[in-house]
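Remarks on the overall topology
Here's the letter readout for the chains.
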Amino acid sequence: MDRLDKFLCDCGLGTRSQVKALLKSGRITVDGIAVKDGNIKINTQAACVCLDGERVSAAGTVVVILNKPAGYVTATEDATEPTVMQLLPTQLRKLDLKPVGRLDKQTEGLLLFTNDGELLHRLISPKKQVPKVYYARHEGTASQEDVLAFSEGLTLRDGSRCLPAKLKPLGAGESLISVCEGKYHQVRRMMASRGMPVTYLERREEAFLKLGDLPRGAVRVLTEEEIRLLGK
Ligand code: URA
């Protein structure tokens with residue numbers, strides 16, 4: 001048994017006084033009931049403690065999905081550019097979350113963050129073959145020869161080799177691309193190597209996770225079940 005306010009601090013939701021303010025605002029629920037008194041004792045193993053309906057947990061693995069808008073760099077800090085960290089709500093910024101891989105400044109879509117270094121490395125390791133699906137608008141139209149070249153593993157213009165990937169033409173100037181690695185500007189360089197420069201790129205899926213109807217710029221904290229399915 002632990003005091004509710006101490007547990008919320010342990011979850012990284014802020015200092016004692018910030019947690020007190022959160023409780024006062026009625027955004028914290030314990031087993032579905034709004035609780036404003038931080039003095040109450042809870043069974044931290046069994047109680048379902050939520051902030052704005054999302055379960056919080058102490059020192060456990062936290063994974064967040066962001067639907068990244070264009071114009072933000074994937075970095076924890078940058079001297080001149082806005083970073084994806086600025087898109088996280090303040091209570092999540094305290095959790096020492098790191099972006100999982102990177103999306104280019106102009107790329108939109110699914111970007112994961114986690115506080116779990118081991119999970120992060122697993123998700124970005126090409127050895128683990130975690131698929132990432134991108135929607136691209138591009139010059140030209142992808143052909144069956146392009147599909148075959150992707151499936152055999154492309155050679156980029158600088159001579160580097162890519163693992164086999166999937167290309168699905170959607171019609172003139174539109175394709176879905178599925179890759180299991182994350183080289184610098186990978187999809188743009190893959191498409192450029194086939195003479196189809198990308199004009200717009202959005203990541204739609206990573207592992208079994210999909211952007212779904214998450215609005216651009218919004219975040220969602222993964223459930224414990226989703227984290228388990230990611231291999232935790
Ligand atoms: N490939 C790219 O070229 N850019 C991204 O942001 C992600 C994958």
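All of these numbers come straight from a predicted model, not from anything done at the bench.

Notes on the pattern of salt bridges
Enumeration over the complete set of coordinates arrives at 18 salt bridges. The residue Asp52 makes a salt bridge to Arg27 at a minimum N-O spacing of 2.8 Å. Here the residue Asp52 occupies a position in the loop between strand E5 (49–51) and strand E6 (54–55), and Arg27 occupies one in the loop between helix H2 (16–24) and strand E2 (28–30), the gap between them amounting to 25 residues. Take Asp52: its relative accessible area is 46%, and that puts it in the partly exposed class. The shortest N-O distance in the salt bridge between Glu225 and Arg228 comes to 2.9 Å. Of this pair, Glu225 and Arg228 both sit in helix H7 (residues 224–229), separated by three residues, roughly a single helical turn. Through salt bridges with shared partners, a single network forms among Glu108, Glu202, Arg204 and Arg216.

A word on the sheet that holds E5
Across the sheet, which stays open at both edges, the four strands sit in the order E3-E2-E5-E6 with antiparallel pairing between neighbours. Here the strands that pair on one side only, and so sit at the sheet edges, are strand E3 (33–34) and E6. In this sheet, E3 lies alongside E2 in antiparallel orientation, the contact comprising two bridges. The residue of E3 that forms the bridge with Thr29 is Ala34.

Notes on the nonpolar core
Core analysis: the largest hydrophobic core is formed by 32 residues, its most contacted members being Val64, Leu97, Phe113, Phe150, Ile177, Met190 and Met191. Looking at this core, the elements that each hand over two or more residues are strand E7 (63–68), strand E9 (108–114), strand E10 (132–138), helix H5 (144–152), strand E12 (174–179), helix H6 (186–193) and strand E13 (198–206). Here this core takes three residues from H6, the largest share from any one element. Looking at which domains feed residues into this core, each of domain 2 (63–126 + 212–230) and domain 3 (131–206) supplies at least three. Ignoring sequence-local partners within four residues, the contact set of Met190 consists of Phe150, Leu154, Leu156, Cys162, Ala165 and Val179. In this structure, Cys11, Leu23, Ile28 and Val49 belong to the second largest nonpolar core, which totals 16 residues.

About the criteria used
- Residue positions within a chain follow its written sequence, with the count starting from 1.
- In view of the model being predicted, local features appear only for residues whose pLDDT reaches at least 70, and side-chain atom pairs are presented and counted only at 80 or more, with totals across whole chains, interfaces and linings using the full set of residues.
- Note: side-chain values were computed over all heavy atoms of the structure, leaving out hydrogens and water.
- Only one rule defines a salt bridge in this text: a Lys or Arg side-chain nitrogen within 4 Å of an Asp or Glu carboxyl oxygen.
- Secondary structure elements follow DSSP: runs of H or I no shorter than four residues count as helices, runs of E no shorter than two count as strands, and numbering proceeds from the N terminus.
- Exposure categories follow from relative accessible area, calculated using a 1.4 Å probe and restricted to protein chains: below 20% of the type maximum is buried, above 50% is exposed, and the middle band is partly exposed.
- Whether two strands pair comes down to DSSP finding at least two bridges between them.
- Working definition of a nonpolar core: buried Ala, Val, Leu, Ile, Met, Phe, Trp, Tyr and Cys residues. They are joined through side-chain atoms within 4.5 Å.
- The start and end points of each domain follow an automatic or database-based domain assignment.
- Contacts are residue-level and defined by heavy atoms, with any inter-residue pair within 4.5 Å sufficient.

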